[in-house]
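Chain by chain, the residues run as shown.
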Amino acid sequence: RLSHVVQQSRLQNNHMDAASTDVLLALTAPEPVVRYVEQRVRSAGLRVARVPATATVLRVSAPSATLEREAEHLELEKRLRPEARSCASERHWPMREFVLAQRADFAGAGEGGFFTPSERVFLVTALLEAVPVDNASFSAALAAGAVREVPPRHLSSLLRALASVGLLGEVSAAHCAGRLEGWRRSVGLLREWAWLRSSEPLALDAIRDYWGERTGFLFAWQAFYVQALAPPAALGLFIWWRRPKGTSVDDDSAVPVFSLFSVVWAIFFVQLWRRKQAALAFRWGVHDAHTAQAEVRRPEFVGREVVSEITGEVELVEGRGSRALRYAASLCVSLACLIVPLAYMFVSLNLQGYISPAARHVLGVRVYHEALSAFAAPGAVFDPEAWTGMLPAVLHAAVIFLLNKAYRHVAEALTDLENHRTQEAHDNSLIVKRFLFEAFDCYIALFYIAFELRDVDRLRVELVSLFSTDVFRRVFTE
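All of these numbers come straight from a predicted model, not from anything done at the bench.

S.K.: Talk me through the overall build of the protein chain; I want residue IDs and the actual numbers.
M.R.: The helix and strand tally for the protein chain stands at 17 helices and eight strands. By the burial criterion, 37% of the 478 residues in the protein chain qualify as buried.

S.K.: How would you explain the sheet that holds strand β2 (residues 47–50) if you had to name every residue and give the values?
M.R.: Pairing within the open sheet is antiparallel, and its four strands lie in the order β2-β3-β1-β6. One side of each edge strand has no neighbouring strand; the edge strands of this open sheet are β2 and β6 (168–173). The sheet shows a mean angle of 20° between the axes of neighbouring strands, taken without regard to direction. Pairing of strand β1 (residues 23–27) with β6 involves five bridges; the strand directions are antiparallel. Looking at β6, one finds that V23 is bridged to A173. Those strands touched by helix α2 (residues 31–43) are β1, β2 and β3 (57–61), and its axis lies near 155° from that of β2.

S.K.: Describe the layout of surface pockets, listing the residues and the values that go with them.
M.R.: Each pocket or cavity is described by its volume, and for the second largest pocket that value is around 720 Å³. Mapped by element, the contributors of at least two residues to the lining of the second largest pocket are α15 (391–418), α16 (423–453) and α17 (456–477). The biggest single contributor to the lining of the second largest pocket is α17, with eight residues. The residue inventory of the lining of the second largest pocket, partitioned by class, reads 13 nonpolar, two polar and six charged.

S.K.: Lay out the packing of helix α3 (residues 64–73) against helix α5 (residues 117–129) in plain terms, naming residues and giving numbers.
M.R.: Between α3 and α5, the shortest axis-to-axis distance is 10 Å and the interhelical angle comes to 85°. In terms of axis orientation, α3 runs roughly perpendicular to α5. Seen from α3, the contacting residues are T66, L67, E70 and A71; seen from α5, they are R120, L123, V124, A126 and L127. The class makeup of the residues in the contact of α3 with α5 is six nonpolar, one polar and two charged.

S.K.: Tell me about helix α9 (residues 204–211), and please be specific about residues and values.
M.R.: Listing the buried residues of α9 in full gives L204, I207, R208 and Y210. Positive backbone phi, approximately 105°, marks G212, located one or two places after α9.

S.K.: Give a description of the nonpolar core that names residues and reports values.
M.R.: Counting residues in each nonpolar core, the largest one holds 40 residues, and the members touching the most others are V33, V37, F138 and L162. Counting residues per element, the ones that place at least two in this core are β1, α2, β3, α3, α5, α6 (135–144) and α7 (158–164).

S.K.: With reference to specific residues and values, describe unusual backbone geometry.
M.R.: If you check the backbone angles, E75 has positive phi at about 60° while not being a glycine. Tracing the sequence through the fold places E75 in the loop between α3 and β4 (77–79). The partly exposed category is assigned to E75, whose relative accessible area is 45%. Of note, the phi angle at A146 is positive, near 60°, even though the residue is not glycine. By secondary structure assignment, the location of A146 is in the loop between α6 and α7.

S.K.: Hey, could you go over the environment of L142 for me, with residue numbers and the actual values?
M.R.: Looking at where L142 falls in the secondary structure, it is placed in helix α6. The exposure class assigned to L142 is buried, which follows from its relative accessible area of 3%. Sequence spacing of L142 and P32 is 110 residues, and the spatial spacing of their C-alpha atoms is 7.4 Å. Setting aside residues no more than four positions away along its own chain, L142 makes contact with V33, V147, E149, P151 and L167.

S.K.: Explain the packing of aromatic side chains to me, and be specific about the residues and the numbers.
M.R.: Each aromatic ring pair is described using two quantities: the centre-to-centre distance and the angle formed by the ring planes. This model, assessed by the stated rule, comprises 15 aromatic pairs. Note on F98 and F106: the rings are 5.1 Å apart at their centroids and 50° apart in plane angle, and the pair reads as tilted. For the pair formed by F98 and F106, the shared burial category is buried. Considering the side-chain rings of F114 and F115, the 4.7 Å spacing of their centres and the 65° angle between planes classify their relative orientation as edge-to-face.

S.K.: So what's going on with the pattern of salt bridges? Which residues, and what values?
M.R.: Evaluated as defined, the whole model comprises 15 salt bridges. Salt-bridge contacts for R242 lead to D252; the nearest nitrogen and oxygen are separated by 3.5 Å. Taken as a pair, R242 in helix α11 (residues 230–242) and D252 in the loop between α11 and α12 (255–284) lie far apart in primary sequence, 10 residues in all. For R242, a relative accessible area of 35% translates into the label partly exposed. The residue D252 makes a salt bridge to R243 at a minimum N-O spacing of 2.8 Å. Residue classification places R243 among the partly exposed positions, given a relative accessible area of 23%. Salt bridges here are not isolated pairs; linked through shared partners, they connect E31, R35, E38 and R50.

About the cut-offs
- Residues numbered from 1 in each chain as written.
- Predicted model: local features only at pLDDT ≥ 70, side-chain atom pairs only at ≥ 80, totals over all residues.
- Heavy atoms only, no water.
- Helix = DSSP H or I, 4+ residues; strand = E, 2+ residues; numbered from the N terminus.
- Buried < 20%, exposed > 50% of the residue type's maximum accessible area, 1.4 Å probe, protein only.
- Pairing = 2+ DSSP bridges.
- Axes fitted to C-alpha atoms, helices over the stretch in contact; angles between N-to-C directions.
- Contact = heavy atoms within 4.5 Å.
- 1 Å grid on protein atoms, 1.4 Å probe; cavity = no way out; pocket = protein on both sides within 12 Å on 5 of 7 lines; lining within 4 Å.
- Points joined across faces, edges and corners; volume = space filled by probe spheres on them.
- Nonpolar A, V, L, I, M, F, W, Y, C, P; charged D, E, K, R; others polar.
- Parallel < 35°, antiparallel > 145°, perpendicular 65-115°, else oblique.
- Core = buried A, V, L, I, M, F, W, Y, C linked by side-chain atoms within 4.5 Å.
- Phe/Tyr/Trp six-rings, centres within 6.5 Å; stacked < 30°, edge-to-face > 60°.
- Salt bridge = Lys/Arg side-chain N within 4 Å of Asp/Glu carboxyl O.

Here it is, written out as structure tokens:
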């Protein structure tokens with residue numbers, strides 16, 4: 001329901017003044033807490049108003065003077081005027097960290113569009129995260145709203161205090177009318193590129209200005225990848241065209257040449273993309289972006305309060321023994337989860353008739369199952385010579401998708417259990433879990449066929465079946 005309310009608020013904002021909203025702040029809080037949040041946000045120099053027809057979704061924006069002060073504080077780089085480029089480096093790269101006392105040196109300073117939409121969202125979000133919480137007044141507002149949870153006293157940020165008691169629903173960027181045209185046009189160009197019907201350059205700056213650098217880099221990589229695929233695609237088509245009639249791909253002497261070319265192409269692709277990425281980073285002023293936010297403590301972090309010998313402030317720490325137990329429990333559950341895709345892989349291979357009675361045991365367990373293999377016998381349901389022989393592979397791809405989807409929730413729960421101190425450590429641990437599980441789930445069958453059964457024909461059938469099914473699944477679900 002909350003996501004629906006936020007989506008409706010975004011749609012309503014498309015019909016508002018473009019400068020009226022930068023961020024939508026969705027709360028799951030009672031009225032006294034919402035009023036307290038409004039009061040604290042206004043005291044920080046921000047504009048706040050409730051979205052019509054909602055009681056807990058707030059529209060937040062900031063005046064230009066406030067944005068400029070925050071831009072100076074965060075050392076945001078902006079483009080210089082031509083006459084203000086004093087040194088040779090600035091003439092080649094006309095960017096400089098914004099300084100309020102030198103605002104006349106920056107192009108567009110004092111005008112309505114000085115900050116791009118993504119920069120406004122970044123600055124307003126930073127201002128929101130810096131809004132302090134008054135523990136006494138906040139506790140009174142919680143009591144008036146009949147909220148029993150009490151935030152930890154070491155939290156100084158209002159947003160983190162709200163998150164710690166489960167009252168912060170979502171903080172999201174607000175769409176504004178008249179700013180989406182460049183992005184929509186770029187998405188259309190990307191689709192045209194995929195079908196080789198357009199040579200017009202992608203409007204990456206428009207995407208970056210509206211959505212931010214991360215999304216800009218995503219579209220830049222997709223466009224770069226589509227273009228880079230042209231050489232291997234052309235070579236592969238030529239090899240296929242010149243192949244003598246009656247010669248299979250296994251007997252074609254040109255296939256090793258294509259394999260070698262693919263390896264060299266991959267190396268050049270990575271290096272050329274790094275150059276492209278560095279050029280975009282310099283153009284967008286994020287070449288020296290630091291990760292200060294990575295050291296911010298997660299509100300969910302649990303530990304005992306101690307006084308820091310360095311800063312003298314109260315901070316949370318967790319004992320090594322407790323952390324070791326959490327990591328051990330997470331590892332055991334993760335390994336147990338791998339048993340499910342491993343077991344179903346052998347079920348699928350038995351249904352396809354790939355495993356013979358002489359197959360070696362795995363972990364002391366016999367992998368050949370006579371009852372399942374009977375379904376792949378001649379004339380049976382999954383006869384390899386009939387079209388139904390592809391069904392076990394298709395079903396295997398569907399099960400892989402469902403297992404990966406289910407493990408996402410398991411991985412999130414295990415990562416929460418590990419109790420990481422920073423958001424960066426939390427995200428890295430979650431990424432590692434999901435990558436290892438999904439890689440094992442997707443490729444273990446291919447590795448078994450390739451290195452245990454050593455059957456190239458069956459490996460090809462399994463690979464094509466899994467890949468084709470996954471492609472159709474992505475088309476219909478995305």
